[in-house]
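An overview of the molecular structure
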Amino acid sequence: MALNIDKVAVLGSGVMGSAIAAHLANAGIPSLMLDIVPPQVGEGDDPKDPVFRNRFAASALKAALNARPAPFYRKNLSDLIEIGNFDDDFERIAEADWIIEVVKEDLEIKRSVLSRVAEHRRPGSLVSSNTSGITIGAMAEGLDEDFRRHFLGTHFFNPPRYLYLLEIIPTDDTDKGLLADFIDFSDRILGKGIVQAKDTPNFVANRIGVFGMMDAIAAMGEQKLGVEEIDFLTGPIVGHPKSASFRTADLVGLDTFVAVAGNVYNGCPNDESREIFATPTILKNMLEAGYLGDKTGGGFYKKSKDAEGNRVIMTLDLDSMDYREKQRPKFPELEAIRNIEDIGERLPALLGSKGRAAEFTWRTLSRLFQYCAFRIGEIADDPSPIDDGMRWGFGWELGPFQKWDILGFTATAKRMKEEGLELPAWIETMLEKKADGFYKIEGGKVSIWDPSTGDYKERVSDPGRITLAHLKAAGATIKSNAGASIVDLGDGVACLEFHSKMNTLGPDIIGMVSKAVAEVQANYDGLVVANQGENFSVGANLMLVLQEALEQEWDDLNIMIAGFQRATMALKYAPVPTVVAPHGLCLGGGAEFVLHGQRTRASAETYIGLVEVGAGVLPAGGGCKELYLRTLDRHSNSKDLLPVVQKTFETIGMAKVATSALEARDFGFMRESDGFSINRERLVGDAKAAVISMVKEGWKAGKPLTKIPVMGRAGVAVIESVLHNMQDGKFISEHDRKIGLKVGTIICGGDLTGKQDVSEQYLLDLEREHFLSLLGERKSLERMQAILKTGKPLRN
């Protein structure tokens, strides 16, 4: 990668500008964030004071620090953002390797700012305009050749930290080498999924996403469905986020949504479905009433309180334009279908059902498929940019062409034609050539239909991006059961993959750990523990534990917990390198796997914590022991064990969950030396590289520790005093106190007189003993039942 970006100038500090600066900071890149000088001088303001002149940028940075969800991995990363203003600091953009303009979505305003950029930038520096749909080429007209060669469009999706998609839009003048380098930089350093878009209104994802939402409004009128019913039918049941259609519109803002739709209506006169982008009466009425969504306190939905002061959600009645109580959609025919976890099974089952839901879904999907098919050649050259854009930018499980494939390419196309839906010539070619679908996987390699050649083309593979499903399709599975598999990653590295429901830890996964270690010891150089589900693991199978406890099967539970402890210790002391690669939620037992990995390579978006106290129990897979050891290492220069005990107890007792890999280091769940991957699709490949690096370093297995210093009774007494005060102040319940005391007893080594050395096995035995004792408590079982029923802890 020849492109070196060591500093960025962010021009515009609004919600998007400050969020982009924050994500640059997440990647370790400093930025200069500028905005205009406030046009109004208030009472007490000194117009020459930098505090006044930089007020807009300073306020934006402060807002970003307080924003939820947090745009920073860790708050102190804001130190990488320097603020200034357009009048005093514009010349400093010459310091930047990349200048990104993020001002108002107005072509003339953008052209004005970019003309100033052309005057002050350093020749050779990259310039981009961040926009959701304004034509890029028009912005650079009349500017010098070096500027035009180094200019392109970027479209970060908001919030940039969390939404994976970055659309990059070159112009005819953009240097091709620069474009390739910037794509590589955005992928590897910023961690983005890149869609290279054509310079057409709304580019790729917004073009398709807005069509889908506008068409849902049209279908709502045709089929006499309500707001809640549309959001149900365009949400998780079809593989879309919970925000579905109208909640998404509220989040975006109805005025913004209508403006983005207007980009297509005004800019695409030849779009065969242009009229769908015209503002419908429903939206006109809402705009006139000032119902713009969250920004005005209400849109399709509104937060309110009932007579008892409880928070409730109200829904806008589109006939009366008054808010009413939100109603639960009723589609009895979908009760069984909605619980099918696999979208590849759920979507065909939905369309195969009878009733309004199936009718609406077919009507909207068939028109979506048709619209996307006609966009090939205009906004993309093949189906993959559209599918990638909708998955990465709108959070769909599958893109439109991928959905078409799982419904059966030929059968779906024929039904569409029978119903009078015209299809483009390239789809007719696929039918004539009896193509099976838009994608096919052979030998672990993905090919996609290329409309320009009328045949499949192999997607360019990147060895750093490993897809476990593709490897398994190519026969790389070594061993497998219902909950876990061992997969050959190549180059002497195997992977232990979880694939139970929500990757909960049960006997299948625990049993596969010892098999994985034995297999790797015999035939491989090292092991990665990873999966590519939505989350790494939400913890132990609580339902199984609860059932055993209710039946008082204490011997079975003891064997179960001992087996879990053997599994985590097997990872820690495996005779080959083991790297655990968590991502997403990594809770309870999932965190204990991470703590016992010889190294960790985490996704930057890893949310890890030992949360067992919320379920009425405590970490028993070595979590208490291992977090204490991690904290002990951090205090190795001190002989005082009390800070170690306090820190460990606080993290476990308060069920703290790190909100990023960097915070996981702060909490002790990761070592300072453990790395993280900003690009989630590179995580398995990066973990594999870490294993290979350990092999080259000559890594050797350690032995279980036998001399771990603990405080004994003195430490327990301190914790007991703290818990007493907390209960006295009504911060915790009596049962919280009981659980907390057991956690404290474990990390202090139990009932020992004075400071002593103990072994890892001794602490594991304490964990198991106190875990089992809590399962005999009625209130612990009530908490476990509440977690399983509501997903929320019960404070009893």
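Scoring rules and cut-offs
Residues numbered from 1 in each chain as written. Predicted model: local features only at pLDDT ≥ 70, side-chain atom pairs only at ≥ 80, totals over all residues. Heavy atoms only, no water. Buried < 20%, exposed > 50% of the residue type's maximum accessible area, 1.4 Å probe, protein only. Helix = DSSP H or I, 4+ residues; strand = E, 2+ residues; numbered from the N terminus. Pairing = 2+ DSSP bridges. Right-handed = clockwise from strand over helix to strand, strands pointing away. Phe/Tyr/Trp six-rings, centres within 6.5 Å; stacked < 30°, edge-to-face > 60°. Lys NZ or Arg CZ within 6 Å of the ring centre and 35° of its normal. Patch = residues over 30% accessible without salt bridge, like charges linked within 9 Å, V, L, I, M, F, W, Y side chains within 5 Å. Areas by Shrake-Rupley, 256 points an atom, 1.4 Å probe, with all protein chains shown as cover. Salt bridge = Lys/Arg side-chain N within 4 Å of Asp/Glu carboxyl O.

**What to know about the pairing of strand β2 (residues 31-35)**
Within β2, five of the five residues are buried, which leaves it mostly tucked inside the rest of the structure. Burial along β2 is two-sided: S31, M33 and D35 facing one way and L32 and L34 facing the other are all buried. When strand β1 (residues 8-11) meets β2, the two strands line up parallel, connected through four bridges. Pairing of A9 across the sheet is with L32, part of β2. In this fold, the crossover linking β1 to β2 by way of helix α1 (residues 15-26) has right-handed handedness. The pairing of β2 with strand β3 (residues 81-85) spans five bridges and is classified as parallel.

**Remarks on the packing of aromatic side chains**
All told, the structure shown has 27 aromatic pairs when counted by the stated rule. Ring pairing ties together the aromatic residues F369, F401, W404, F409, W426 and F438, which thus form one cluster. Its guanidinium or amino end placed over the ring of Y301, K326 lies 5.2 Å from that ring's centre, counting from NZ or CZ. Across the ring face of F667, the terminal group of K656 is positioned such that the distance to the ring centre comes to 5.6 Å.

**Some points on a nonpolar patch on the surface**
Residues V722, M726 and F731 make up a contiguous nonpolar surface patch of roughly 300 Å² in combined accessible area. As for its placement among the helices and strands, M726 is situated in helix α28 (residues 713-728). M726 sits in the partly exposed class, given a relative accessible area of 31%.

**A word on the pairing of strand β16 (residues 484-490)**
Here β16 lies mainly inside the structure; five of its seven residues are buried. Bridge count for strand β15 (residues 477-480) against β16 is three bridges, and the pairing is antiparallel. Along β16, the bridge assignment pairs T477 with V487. Counting the residues between successive antiparallel strands, the hairpin from β15 to β16 contains three residues. For β16 and strand β17 (residues 493-498), the ladder comprises six bridges, and the chain directions are antiparallel. Among the inter-strand pairings, A484 is bridged to a residue of β17, identified as F498.

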